[in-house]
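# Descriptive analysis of the structure
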Amino acid sequence: MFICGGCQFYTNSFEAFVEHRQIPCSSKSQKSEGEPEIFRCFTCSNAFNTSWELLFHLRVSHEITMYKNLKDKVAA
Ligand SMILES: [Zn+2]
Ligand SMILES: [Zn+2]
């Protein structure tokens, strides 16, 4: 995986990365990293302020453990 130090753009393709580096990184790129401001339940669309509240909600209301899904996404 290639990550642009200028704008955090990342890709698995070397060609795409080189192509990206040929143009100046424009101001604010992609979406900013970190956690989103609101955590929305993908099952019932309830919104929560923290990931923990959402995780708790998922576990209690839907009996889902989202942690695994998150990890899978990050690893992908
Ligand atoms: Zn860049
Ligand atoms: Zn829910």
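Under an unreviewed UniProt entry, the name given to the chain is C2H2-type domain-containing protein, and the organism recorded is Panagrolaimus davidi.

Moving on, we get to the overall build of the chain. Looking only at helices and strands, one finds three helices and four strands in the chain. The burial tally for the chain puts 3% of its 76 residues in the buried class.

What follows is about the UniProt feature "domain: C2H2-type" (unreviewed entry) in the chain. Under the present numbering, the feature "domain: C2H2-type" (unreviewed entry) in UniProt falls on residues 39-62. For residues 39-62, the helix share is 50%, the strand share is 17%, and the end-to-end C-alpha distance is 15 Å.

Comment: phi is negative for the bulk of residues other than glycine, and the bulk of peptide bonds are trans. In the Ramachandran plot, Gln8 falls in the positive-phi region, its phi being about 70° despite a non-glycine side chain. Mapped onto the secondary structure, Gln8 falls in the loop between β1 (2-3) and β2 (10-11). With 14 C-beta atoms counted inside 10 Å, the residue Gln8 sits in the partly exposed group. If you check the backbone angles, Ser45 has positive phi at about 70° while not being a glycine. Along the chain, the position of Ser45 falls in the loop between β3 (39-40) and β4 (47-48).

Attention now moves to helix α2 (residues 51-62). Think of an α-helix as 3.6 residues a turn; residues three or four steps apart then line up on the same face. Taking 1.5 Å per residue as the helical rise, α2 with its twelve residues ought to reach 16 Å, and the 15 Å between its terminal C-alpha atoms agrees with that figure. Backbone geometry just downstream of α2 places Glu63 in the positive-phi region, at approximately 55°.

A few words now on the environment of Arg21. Tracing the backbone shows Arg21 in helix α1 (residues 14-22). Overall, the presence of 14 C-beta atoms within 10 Å leaves Arg21 in the partly exposed class.

What counts, and at which threshold
- Residues numbered from 1 in each chain as written.
- Chains lettered and ligands numbered in written order.
- Predicted model: local features only at pLDDT ≥ 70, side-chain atom pairs only at ≥ 80, totals over all residues.
- Helix = DSSP H or I, 4+ residues; strand = E, 2+ residues; numbered from the N terminus.
- Buried ≥ 20, exposed ≤ 12 C-beta atoms within 10 Å, placed from the backbone.
- UniProt positions renumbered as here; feature names shortened; annotations may be inferred.
- Expected span 1.5 Å × (residues − 1).

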